[in-house]
Structure formats: structure tokens, C-alpha cells
Amino acid sequence: MASFIKRYRPDSISEEKWEKINAVLEPLTLTDEILEKHMAVFREQMHLANSPDENIRKKSNLLMMNTFLRMLLDGTEEGEYLGLDLGGTNFRVILVRFKNGVAETSCNYYNLKEETLSGPAAGVFDFIAESIEDFLHTEKLDKSEQKIPLGFTFSFPSTQLALNKSLLLTWTKTFTCPDGVGEDPVAMLEAAIERKAKNLPVNVVAVMSDTVSTLMAGNYYDKNCRIGMILGTGCNAAFVENISDIDKWTGDFEDPKHVIVNVELGSTGDNGCMDFYRSEFEREVDKYSNHPGSFTFEKSFSGMYLGELVRLVLVRLIKDGLLFNGEAGTLVDARWKFTTEFVTNIEKEDGPENKNIDTVLSTFGISHSFTTQEDRAIVKEVCDFISRRGAHIIAAAVAVIVNYIKLPEVTIGIDGSLYERHPKFHDNMMDIFTKFCPQTKVKLILVKEGSGEGAAFAAVSALRQLAKGLRCS
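Residues numbered from 1 in each chain as written. Predicted model: local features only at pLDDT ≥ 70, side-chain atom pairs only at ≥ 80, totals over all residues. Heavy atoms only, no water.

### Description of the overall build of the chain
A tally of helices and strands in the chain yields 15 helices and 13 strands. Against the globule reference of 23 Å for 473 residues, the chain gives a C-alpha radius of gyration of 23 Å, in line with a compact fold. Reported as C-alpha extents along the three principal axes, the dimensions of the chain are approximately 70 × 45 × 40 Å. Here the chain, with 473 residues, has 59% of them falling under the buried criterion. By sequence separation, contacts in the chain at least 24 residues apart represent 73% of the contacts at least 6 residues apart. (Helix = DSSP H or I, 4+ residues; strand = E, 2+ residues; numbered from the N terminus. Rg over C-alpha atoms; globule rule 2.2 N^0.38 Å. Buried < 20%, exposed > 50% of the residue type's maximum accessible area, 1.4 Å probe, protein only. Contact = heavy atoms within 4.5 Å.)

Given below as C-alpha cells:
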């Protein structure tokens, strides 16, 4: 079977060792047949999730959820809007000032402590309320006589019930709060504001996933942007869908005749439909993750897991006597310590000096003098292989969405540390779009801070929809 990942033996790796390394990597190799099957399964999962029959929808791990957000920006925006972005350890508050449709943005970061991430959900929202109060005080808006419209990016799987109402399905990533599931994040935020920052001049008018807000921001910068994507600690995608193509649509058919759909694709394969390409390494990552059996798709490539996948492969090569002469330093016992940042730093280095590899390996007690040029070439090869494989897996899923919306040109707006910092993810993803989306010119753009800025943009749209009388729940 032909492999889409074409690999060539570096001169510094012997033919004998290259064959043995390939034997380890062979089960992870993505052939054309595997990629085509991956796309076919993802397409079927989208179809099932779009059904008006709830029992059929349950056969899919995708949500394909109506966000109730239908109006994109048109260049006539005015006024001040707030955006919140909660999805990782860094929480953002953003102020957007529009003048003649042009946005000026200011932002501040607030760091969530580990005890907050694992404590009661009320503690998370109390922190958010206090952060908003601090930000507004800094911006001299805390005494505003008019409430400032606020859009809330809540980057956790949720069921959307209205523009400003959703129900949390599960905490993901580093959040392990014992409660909050089944509750409305907007209601929890409003209760926290009442407790911690009473009379705060804000009005929460929209709640959304980070992909939806990234799409809103991407469309501000490029009007061909019809897909928003997060590719950082976790992953997801959203796209602009024609209402007439949504089998389960229950809203009105007034203009605009489209709506943003939140795919919630990180959980693809939780039902086993993607097991055909998942390796022993991905299964081990899942086993020791915070949420085993949940959001297994993103455990093949996202920033939370990519480094650990690389570490597990390196450990296997060490145990097979193919790396570091079988000696591992502390690498074998360093679960979750080989971060994706290490992988991106190694991938950035193209020259023969291997300074970044030496720096990373020294973290685990493996000095330069202990390693050979062949060892360092193997480490780089594993980082490159796992990174490219991951980029191809996520791009193949998004390629299905590109082909589904059937436009001659599509821009995909992407926010997230993995896409931003990994030097090869962009090109590796484009390889897939070039091969599998021949009818569409695909462009990828970085929408930095998009999930925060786009939340404020969504607040604009929410007010316009309410004024127009469009159904928002």
C-alpha cells in the first residue's frame, strides 16, 4: 500500500537500524487507503450527526451543533464590546473598540492556578468575574453607565440551547472540576459576578466554542473564511452552513440563510469508528490522560498529547536497543514531561549542530557526549514523523468539511499554539488539502487571539440578530 508520508533514510542512520526503526513506525504509517477511509468515516459521522432523528444522531460522536450565530460582520460596526476566552490555564479578557467597522483591541491574560482547575466550578467562575472587574478598572470602564455587550468563548464540549445559553457536557484538558457538568456557563458566570463583582456593567449576550469565535475573527480579516479551527492544547472546527442543508434545523428560514455549525470533532472515534488507525502509543496516551476514553481523536496530534506520543515512541526504540545504546536517562519514567514545545523546538532546527536536541535531551539526563550523531538523527526523525502524521490526521478531517461546503475558495482561520509555533504543521496540512480537495483553493491563516477577539465580534452579531428578530434559542 502506498504511504502518503514519504520518508527517506538520513545518511547518519544506518540501513540496518533504519529498517528496525521502520518496523516500529509501520503501524503508525498512514497509507492513502487509510487516509481515504478516515475521510469516509468522518463524512459518515457528519451525516449521522445531522439527522433529525435523535437515535441516529447518537451513533455519531460529532455534535454538528447549531450555534444560533447567523450574522457575520459587515464593516459598519461601532462601539465597545467585550470578549472572554476560557479554555486553558491562561484566561483572556478582550476589549474591542469599533470605529467605522475597524476594530482596535486590547487584551489582558489571567493565570488560573492548579487548585482552581481541580476545585469546584464556582471557583473558576469567581476568578473570571474578578478578572473582568480588574480589566474594566484598568480600562476605566468599571463605572460605565451602559452595560457593555460581552461574548463568552467557553472552550469545552457543550450543548447549545440559545445564543447565550448552553449546558456543559464535560470538562476537558487540564480542567478536572468535580461539578459544573450539566450547568449553564453563562448562568454560572452571572452568579459569580453577583457574588464577587456586583453591579459590574456587562451583559452576556453570547456564548460559544473557541472555534466559533475564531471563525468570527477569521472572517473579519478574510471574507473567504468559512471554517474556524482550534489547533492548540485541544482541537475543534466550526463552519458556515446553509440552513437548507441542515436536516435537523428547527429555526426560521429568514435571511441570512446560514448559521455557524460547531462540529465538536475532538471526540471523533470515541465510539471506536477510528480505531483502525489508532496505535498502541495513542491507546497508552489515552489510558493515562485526565479523561480516558474521551476526546480520543485529538490525542493523535493536539498540543496536549503530541510530545507524549513522541516520548512513547522514543522509549520503545530505547527498549529495543535502537537508541542511546539502550540507556534512557529519566525519559522512561518522565510521563507527560516531554512536551510538545520540545517537539516544536527540535523541528525548528534544520542545521547539523543539533543544539535544540541537546537541550531537550539534557532535561532528561542525556548529555551530548553520551549520544551519537545517529541517535540525534533518530530523535529528529521521530519528531518529524509523529508531527507530520498528526497534521495529516486533523487535516484529513477538515478536508471533508472543505469538500462538503463546495466553494471554489475557502480560507480556514486557525488559532492555537500548535499551529502557530510548530514550523511544519502548516505545510503538512496543506499537503492534505492539495491532494484531497482538488476543487477548492484552500488557504490557511493564523488568527492569533482569535478565540478572544471573535467572542467580542459575536457579541455584535448577537445584538443585531436580536434587533432583527431572528430566533436566538
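The rest of the description comes next.
### Focus on the UniProt feature "domain: Hexokinase N-terminal" (unreviewed entry) in the chain
The sites that UniProt annotates as "domain: Hexokinase N-terminal" (unreviewed entry) are residues 21-220. In residues 21-220, the share of helix is 36% and the share of strand is 26%. The end C-alpha atoms are 46 Å apart. (UniProt positions renumbered as here; feature names shortened; annotations may be inferred.)

### Regarding the pairing of strand β10 (residues 235-242)
Within β10, seven of the eight residues are buried, which leaves the element mostly enclosed by the surrounding structure. Two strands pair when backbone bridges link them, and strand β9 (residues 225-231) and β10 are joined in this way by five bridges, in the antiparallel orientation. Note on β10: the bridge partner recorded for Ile 227 is Phe 239. Following β9, the chain reverses through three residues before pairing antiparallel with β10. In this structure, β10 lies alongside strand β11 (residues 258-262), joined through five bridges in antiparallel fashion. Note on β11: the bridge partner recorded for Asn 242 is His 258. (Pairing = 2+ DSSP bridges.)

### Considering the sheet that holds strand β3 (residues 90-99)
Reading across the sheet, the five strands line up as β4-β3-β2-β5-β8 and stay open at both edges, with mixed pairing between neighbours. Both edges of this open sheet fall to β4 (102-111) and β8 (202-208), since each of them pairs with a single strand only. Averaged over all adjacent pairs, the angle separating strand axes in this sheet is 20°, with direction ignored. Examined bridge by bridge, strand β5 (residues 148-154) and β8 share six bridges and lie parallel to one another. Within β8, the position partnered with Leu 150 by the bridge is Val 204. On top of the sheet, helix α5 (residues 121-138) reaches β2 (79-86), β3, β4, β5 and β8; it is set at about 130° to β4, its chief contact. (Axes fitted to C-alpha atoms, helices over the stretch in contact; angles between N-to-C directions.)

### A look at the UniProt feature "domain: Hexokinase C-terminal" (unreviewed entry) in the chain
Within the UniProt annotation, "domain: Hexokinase C-terminal" (unreviewed entry) is assigned to residues 226-460. The straight-line gap between the two end C-alpha atoms of residues 226-460 is 18 Å; of that span, 43% is helix and 14% is strand.

### Side note on the sheet that holds β11
Sheet architecture is open: six strands sit in the order β1-β11-β10-β9-β12-β13, paired in mixed fashion. Strands with a single pairing partner mark the edges of an open sheet, and in this sheet they are β1 (65-66) and β13 (441-446). Note that β9 and strand β12 (residues 409-415) share five bridges and pair parallel. When the sheet's bridge partners are listed, Ile 230 is paired in β12 with Asp 415. Packed on one face of the sheet, helix α12 (residues 373-405) meets β9, β10, β12 and β13 and runs near 165° to β9.

### Some remarks on α12
What sets the pattern is the α-helix's 3.6 residues per turn: residues three or four places apart point alike. End to end, α12 covers 48 Å across 33 residues, agreeing with the expected 48 Å (1.5 Å per residue, within 8%). Following α12 by one or two positions, Lys 406 has its phi on the positive side, about 55°. (Expected span 1.5 Å × (residues − 1).)

### Here we look at the packing of aromatic side chains
All chains considered together, the criterion is met by 19 aromatic pairs. With a centroid separation of 5.5 Å and an interplanar angle of 10°, the aromatic rings of Trp 171 and Phe 175 are classed as stacked. Taken as a pair, Trp 171 and Phe 175 share a single burial class, namely buried. Look at Phe 239 and Tyr 404: their rings are 5.9 Å apart centre to centre, the planes differ by 85°, and that puts the pair in the edge-to-face class. Of this pair, Phe 239 sits in strand β10 while Tyr 404 sits in helix α12; the two residues are 165 residues apart in sequence, bridging distant segments of the chain. On the accessibility criterion, Phe 239 (0% relative accessible area) is buried. In this structure Tyr 404 comes out as partly exposed when scored by relative accessible area, which is 31%. Here a set of aromatic residues connected by ring pairs shows up, and it is made of Phe 125, Phe 152, Phe 154, Phe 156, Trp 171 and Phe 175. Sitting above the plane of the Tyr 288 ring, Arg 335 keeps its charged end 3.7 Å from the centroid. Between Lys 435 and the ring centre of Phe 436, over which it is positioned, the NZ or CZ distance is 5.7 Å. (Phe/Tyr/Trp six-rings, centres within 6.5 Å; stacked < 30°, edge-to-face > 60°. Lys NZ or Arg CZ within 6 Å of the ring centre and 35° of its normal.)

### Description of the nonpolar core
One recurring pattern in soluble globular proteins is that nonpolar side chains are buried together. Residues Phe 42, Leu 231, Phe 338, Ile 394, Ile 412, Met 429 and Phe 433 are the most contacted members of the largest nonpolar core, which totals 94 residues. The leading source of residues in this core is α12, at 19 residues. Aside from chain neighbours lying at most four places away, what touches Phe 338 is Gly 307, Glu 308, Val 310, Arg 311, Leu 314, Leu 331, Val 343, Ile 346, Val 360 and Phe 364. Leu 141, Val 186, Ile 193 and Val 202 belong to the second-largest nonpolar core, a separate cluster that totals 38 residues. (Core = buried A, V, L, I, M, F, W, Y, C linked by side-chain atoms within 4.5 Å.)

### Points about unusual backbone geometry
The peptide bond linking Asp 255 to Pro 256 adopts the cis configuration, its omega dihedral lying at -5°. By secondary structure assignment, the location of Pro 256 is in the loop between β10 and β11. For Asn 100, which is not glycine, the phi torsion reads 55° and is therefore positive. Residue position: Asn 100 is located in the loop between β3 and β4.

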